[in-house]
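Structural characterization, general
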Amino acid sequence: DLQNVTSTSNYILPENFNGIAFNVYSLRVMHLNVRSLPSKMDELKLLLGKLDALGAKLDIMLICETFINDLNKVNCQLDGYHLVERHRTNKKGGGVAIYISNKLKYTPRPDIDIFIESQMESCFIQLNLNEKKYIVGELYRVPGSDLESFITHYESLITQMQSENKTIIMGMDQNIDYL
């Protein structure tokens, strides 16, 4: 039953962050498609610095197309954040990650991760914050992969998460041309 799914998303450029009431929300979450996190760590740190200066320190960053591997993962650590990620082992590219503020306690949720290399990649965590429970995740559909299979897995994932009666926060790059 996907009738109870609501989607809220605002695309905001960093230069337009001034004047946004960040303190209205209990969690500050940002989604990025970085297309190679190891090569963009300096840019990410600059962005985080800008946000901090605006009083908008992020709690969670959801990232896809990380291009992380076993060798470069060590270069993707950020001060003040824990990193939960899934990466490909047989091909380059892809991968998903979640940075979680060190101030938050979380539990990885590998039981709901779907990682079918070169098709659909995801990772999830659970947060308990102020007596509210969240499932937070990142999902990436590889361009050109089987759309019908993706939709089947996605519907199953949403159904499973909804059955837990928790607030779901998910960043994703579906690579679906809606036109």
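Residues numbered from 1 in each chain as written. Predicted model: local features only at pLDDT ≥ 70, side-chain atom pairs only at ≥ 80, totals over all residues. Heavy atoms only, no water.

Some remarks on the pairing of strand 7 (residues 120-129)
Taken residue by residue, a regular strand's side chains alternate between the two faces of the sheet. Heads up, the rule is: For every residue, the accessible area (1.4 Å probe, protein chains only) is compared with the maximum for its type, and the residue is labelled buried under 20%, exposed over 50%, or partly exposed between those bounds. Secondary structure elements are defined from DSSP: runs of H or I of at least 4 residues count as helices, runs of E of at least 2 residues count as strands, and each element is numbered from the N terminus. Being paired, for any two strands, means DSSP has found at least two bridges between them.
In terms of burial, strand 7 is a largely internal element, 9 of the 10 residues being buried. Where strand 5 (residues 106-108) lies against strand 7, 3 bridges are found, and the strand directions are antiparallel. Considered in strand 7, the bridge of Pro-108 is made with Ile-125. Inspection of the sheet shows strand 6 (residues 115-116) paired to strand 7 by 2 bridges, in the antiparallel sense. The residue of strand 7 that forms the bridge with Phe-115 is Glu-121. As consecutive antiparallel partners, strand 6 and strand 7 are separated by 3 residues, and within that stretch Ser-118 has a phi angle of approximately 70°, a positive value. Relative to strand 8 (residues 132-141), strand 7 runs antiparallel, the two being bridged by 10 bridges. If you follow Asn-128 over to strand 8, its bridge partner there is Lys-133.

Just geometry here; none of it tells us what the structure is for.
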